[in-house]
Amino acid sequence: MLSKGFRPTLIAVAVLASAANAGDLQITPSVSVDGTYSDNVELTANGKQSSYVNQVSAILDSQFTSRIAELNFNGSSTYASYTHNHDLDDSFRTLEADGRLFLWPDGLALTANANIRNGARNGARNSLADIVSGDTIEIRNFQSGLSYNVENLKYQLNLTSNISRQTSEDNIGDNNRIETTLTSQSTNSSQAIFWRINATYSDQENNEITGRQHIVDAIVGWRTPSKINPFIRFYNEDVSGNISQPQQNSGDATGVGISTKLSSHLLVSASYNFVVDDEENDDYVAATIEWEPSARTSLRAEYSKRFFGDTYLLDFTHRTKRLTNSVSYNESLRAFDRNTFQRVLVGNFFCPLDFETTSNSLTDCFQSQGATITPTDAQLVQVFEQQLIEGNEFSLNKELSWQSQLSLARTNFDLRFSHNRRESLTTNIEDNRFDATFEITRTISGKSTASLTYNFNHTQLDKNQIRSLGQDDYYRTLSISYNRRLARTLNSVISLQMVDRNSSDQLLTYEETRAVITLTKDF
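Residues numbered from 1 in each chain as written. Predicted model: local features only at pLDDT ≥ 70, side-chain atom pairs only at ≥ 80, totals over all residues. Heavy atoms only, no water.

**Overview of the environment of Ser 451**
Turning to step 1, where the next piece is worked out: Positionally, Ser 451 belongs in strand β23 (residues 448-461).
Turning to step 2, where the next piece is worked out: Ser 451 sits in the buried class, given a relative accessible area of 17%.
Turning to step 3, where the next piece is worked out: When the C-alpha atoms of Ser 451 and Ser 30 are compared, they prove to be 24 Å apart, with 421 residues separating the residues in sequence.
Turning to step 4, where the next piece is worked out: A polar atom in the side chain of Ser 451 sits 2.6 Å from the side chain of Ser 481. (Helix = DSSP H or I, 4+ residues; strand = E, 2+ residues; numbered from the N terminus. Buried < 20%, exposed > 50% of the residue type's maximum accessible area, 1.4 Å probe, protein only. Polar contact = N/O pair within 3.5 Å; in protein donor to acceptor, adjacent residues only side chain to side chain.)

What follows is the structure, given as structure tokens:
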């Protein structure tokens, strides 16, 4: 039986397909064969188990465009077999599909998208889990809705409303969701009254646990001949439902401010906001800077306050002929995610006296039947792990990303940084994740390219209690690959990958080397 979230998506896709009676349709089926040798497929520090993992994939990639419809579809079905343990042999599928049907010329459209991926079953156990290493689950997300976009000489309006359903094999993170977003602003600089409205509403539910959130941020102002334009600001935010609640869950404020153009490319706004419930929060100043000195450079920065404290936003881009830089920072509330962990006791094991220094495999602790254990040759070890649990709480996610790309005649350099700070608004537990990737891609000839990629990841679970309740992980990954087009529809990739993981949990520390050969045939 189809899931409730899947049905409206299928209906939306069917409507899109029925409208696709005239347009450009491109379909590219392909078959891929992937052979991977791993010298440590079970990811242990000692007693490494090697394996050859073979993957055969059937892939369908298609795009349709017409005057009234757009449709993109990319899906695959993969069968994987493992030489070290054929009980692990299994099939996997992926899907990325999205469509848009324009119902009227003035901007009303029906939208739908679907996503199926194989993600880590437990990101604390192994955030790099994939088909080769195993320990993955299928995560499905289906969404459909309406969008309405209008832009003319007087105003700009964007309205979207979606219903979605996310499910997974282990049922963690499953939820039904309704989301509506409205943004509108005046665009005529000659009219006396100007405005800007940003509003969002989200209603989420999972197993009769509900979480709702709404934000309304609006300003209405008057343009004066002096170009110092006064305005009034209204702000309202609230989170509710029977989900775990933060100590403070709402914020209401009314403010007065001014907006002025310091130059033709620089707009500065500032307001003083009076908080309705001054017993919970103090009055505060909010400010916005918008700078666009050229078509290649733009900056938007904001400072304000929400019920959980100070809040910031940053969006910066700068492009030259060969160099592109972009930096962004935003803060968002989330619920029902797959990022909540709890340290639990796995069990008590009699292990060798030198277990913690020579092994990270519990198989070394299993005793043969009838064996005699004495205190002189064994120790009792308590084994803990970070268990993934339902994220039935609101969490504050602060995300910073920075990307720089340098494009030369035959060589591209790509540098990416990202940092995510996740804080539970119920328990105040803080998790940090930092990623850095450096990639060089070199075009050797018209048929071949080579690349070198280095990735560094540092993850801290329960940062303030690493030694007792948390976990500290470092991942270092080096990949080298060579891509060669053997014929017009036949492509090959040879790659070598080395992973070094160091964890505060010794059972999760490992090194792995992979050699991969991939052949892809398009039809």
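There's plenty left to go through after this.
**Some words on the pattern of salt bridges**
Turning to step 1, where the next piece is worked out: What the rule picks out here adds up to 27 salt bridges.
Turning to step 2, where the next piece is worked out: Through salt bridges with shared partners, a single ionic network connects Arg 121, Arg 125, Asp 135 and Glu 385. (Salt bridge = Lys/Arg side-chain N within 4 Å of Asp/Glu carboxyl O.)

**Quick look at the nonpolar core**
Turning to step 1, where the next piece is worked out: In this structure, Val 239, Ile 243, Phe 307, Leu 333, Ala 335, Phe 336, Phe 394, Leu 396 and Leu 425 together form the largest nonpolar core, which totals nine residues.
Turning to step 2, where the next piece is worked out: Non-local contacts of Ile 243, meaning those with residues more than four positions away in its chain, are made with Ile 209, Thr 210, Gly 211, Ala 335, Phe 336, Asn 392, Glu 393 and Phe 394. (Core = buried A, V, L, I, M, F, W, Y, C linked by side-chain atoms within 4.5 Å. Contact = heavy atoms within 4.5 Å.)

**Considering the pairing of strand β26 (residues 510-522)**
Turning to step 1, where the next piece is worked out: Here nine bridges tie strand β1 (residues 24-38) to β26, and the two strands are oriented antiparallel to one another. Within the sheet, the bridge partner assigned to Tyr 37 lies in β26 and is Ala 515.
Turning to step 2, where the next piece is worked out: Looking at chain direction, strand β25 (residues 490-503) and β26 are connected through 12 bridges and run antiparallel. Pairing of Asp 500 across the sheet is with Glu 511, part of β26.
Turning to step 3, where the next piece is worked out: Counting the residues between successive antiparallel strands, the hairpin from β25 to β26 contains six residues. (Pairing = 2+ DSSP bridges.)

**A word on the packing of aromatic side chains**
Turning to step 1, where the next piece is worked out: Per the stated rule, a full pass over the model turns up seven aromatic pairs.
Turning to step 2, where the next piece is worked out: Judged by centre distance (5.1 Å) and plane angle (70°), the ring pair of Tyr 272 and Phe 274 falls under edge-to-face.
Turning to step 3, where the next piece is worked out: Of the residues examined, Tyr 272 reaches a relative accessible area of 37% and is grouped as partly exposed.
Turning to step 4, where the next piece is worked out: You can call Phe 274 partly exposed: its relative accessible area is 42%.
Turning to step 5, where the next piece is worked out: One aromatic cluster is present, built from ring pairs that chain together Trp 402, Phe 417, Phe 434, Phe 456 and Tyr 474.
Turning to step 6, where the next piece is worked out: A cation over an aromatic ring shows up here: Lys 521 above the ring of Phe 523, its NZ or CZ 5.9 Å from the ring centre. (Phe/Tyr/Trp six-rings, centres within 6.5 Å; stacked < 30°, edge-to-face > 60°. Lys NZ or Arg CZ within 6 Å of the ring centre and 35° of its normal.)

**Describing the side chain of Ser 62**
Turning to step 1, where the next piece is worked out: Its location among the elements puts Ser 62 in strand β2 (residues 51-65).
Turning to step 2, where the next piece is worked out: Setting aside residues up to four positions removed in sequence, Ser 62 forms contacts with Gln 26, Ile 27, Leu 71, Asn 72 and Phe 73.

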